Amino acid sequence: MKKTAVVLLSGGLDSTTVLAMAKDQGFDPYTLSFSYGQRHSVELESAQKVAESLGSTRHVVGNIDLRIFGGSALTSDIDVPKHDSADEVTTDIPSTYVPARNTIFLSFALAYAETVGAQDIFLGVNALDYSGYPDCRPEFIAAYEAMANLATKAGVEGTRLSIHTPLMEMTKAQIVTEGTRLGVDYSITSSCYDPDASGRACGHCDSCLLRLRGFEEAGLSDPIEYQAI
């Protein structure tokens, strides 16, 4: 029998690859996205397309308005930082960090997992080609997993929950290569933090630059549409 897993799905390159990997490992995926007041809400359309393309058993969208707190370029009127090259992306925590976002998202994933009988949660965090977010580090994931097994009915009754982060030690080029091997259609994904009204990627935010470099280093062309860059 297939094992059930909850997969956090933003509609971007990383989470899409993780969904493909979970499917390849024989999991029956239940996908979860969030409408949290993000300025790049076009990613929700991509997440729906990805869920359909890769065969999510059930795709749900959680509604949380993190604009009530602000504090991030993604949820308030703060300019998204732009650069000319991925080499300018540092490991300092940037203004696009959304306070406690992964803690919040994992809490919803934990509830989803309990209701569908899943013992596994997949998350597309990465500690190599990333923007320095503190909630993408392996220490955070390990701590959250330990907490999850103390805080749930399933955990108390001896059913251990595992949080999988298969991209944690992979470069963007390795992620693109693996996703391509698994047949991922990256043309339906969306990674940009500041797309235009038609959904075209800006090409200069951290996410765009790391994505573009990943495709370049993998020897492939990024199939999404960019604004003039």
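Rules of the game
- Residues numbered from 1 in each chain as written.
- Predicted model: local features only at pLDDT ≥ 70, side-chain atom pairs only at ≥ 80, totals over all residues.
- Heavy atoms only, no water.
- Pairing = 2+ DSSP bridges.
- Helix = DSSP H or I, 4+ residues; strand = E, 2+ residues; numbered from the N terminus.
- Axes fitted to C-alpha atoms, helices over the stretch in contact; angles between N-to-C directions.
- Parallel < 35°, antiparallel > 145°, perpendicular 65-115°, else oblique.
- Left-handed = near helix turned anticlockwise from the far one by under 90°.
- Contact = heavy atoms within 4.5 Å.
- Nonpolar A, V, L, I, M, F, W, Y, C, P; charged D, E, K, R; others polar.
- Phe/Tyr/Trp six-rings, centres within 6.5 Å; stacked < 30°, edge-to-face > 60°.
- Buried < 20%, exposed > 50% of the residue type's maximum accessible area, 1.4 Å probe, protein only.
- Salt bridge = Lys/Arg side-chain N within 4 Å of Asp/Glu carboxyl O.
- Expected span 1.5 Å × (residues − 1).

Another aspect to go through is the sheet that holds strand β5 (residues 162-164). Taken in spatial order, the five strands line up as β3-β2-β1-β4-β5 in an open sheet, and their pairing is parallel. Since the sheet does not close on itself, it has two edges, and those belong to β3 (58-63) and β5, each with one partner. Averaged over all adjacent pairs, the angle separating strand axes in this sheet is 25°, with direction ignored. For strand β4 (residues 120-122) and β5, the ladder comprises three bridges, and the chain directions are parallel. Bridging across to β5, phenylalanine 122 finds its partner in histidine 164.

So, about the packing of helix α1 (residues 13-24) against helix α2 (residues 42-54). Angle between the axes and distance between the axes are the two parameters that describe a pair of packed helices. Interhelical geometry of α1 versus α2 gives an angle of 20° and a closest axis separation of 11 Å. When the axes of α1 and α2 are compared, the pair comes out roughly parallel. In the packing of α1 onto α2, the handedness of the crossing is right-handed. Mapping the contact onto sequence places Thr16, Leu19, Ala20 and Lys23 in α1 and Val50, Ala51 and Leu54 in α2. In terms of residue class, the contact of α1 with α2 is made up of five nonpolar, one polar and one charged.

This part is about the packing of aromatic side chains. Taken as a whole and judged by the stated rule, the model has eight aromatic pairs. For the ring pair tyrosine 186 and phenylalanine 215, a centre distance of 5.6 Å and an interplane angle of 90° mean the geometry is edge-to-face. Highlighted residues: tyrosine 186 in the loop between α6 (172-181) and α7 (206-217) and phenylalanine 215 in helix α7, separated in sequence by 29 residues. Residue classification places tyrosine 186 among the buried residues on the basis of a relative accessible area of 4%. An aromatic cluster is present here, built from Phe34, Tyr36, Phe105 and Phe108 joined pairwise through their rings.

Following the criterion strictly, the structure yields ten salt bridges and no others. Between aspartate 14 and lysine 172 there is a salt bridge, with the nearest N and O atoms lying 3.1 Å from each other. Within this pair, whereas aspartate 14 is found in helix α1, its partner lysine 172 is found in helix α6, the two being separated by 158 residues in sequence. Residue classification places lysine 172 among the buried residues on the basis of a relative accessible area of 7%. As a salt-bridge pair, aspartate 194 and lysine 82 come within 3.0 Å of each other at their nearest N and O atoms. Note that aspartate 194 is positioned in the loop between α6 and α7 and lysine 82 in the loop between β3 and α3 (101-116), a separation of 112 residues in sequence. Residue lysine 82 is classed as partly exposed on the basis of its relative accessible area, which comes to 39%. Salt bridges here are not isolated pairs; linked through shared partners, they connect Asp24, Glu178 and Arg181.

Moving on: α1. Along its twelve residues, α1 runs 17 Å from first to last C-alpha, staying within 8% of the 16 Å computed at 1.5 Å per residue. Counting buried positions over the twelve residues of α1 gives ten, a clear majority of the element. Within α1 the residues assigned to the buried category are Leu13, Asp14, Ser15, Thr16, Thr17, Val18, Leu19, Ala20, Met21 and Ala22. Tucked inside the fold, the buried residues of α1 contact β1 (3-8), β2 (27-35), α2, β4, α6 and α7. Glycine 26 sits one or two residues past α1 and shows a positive phi near 90°.

Geometry only, nothing functional implied.
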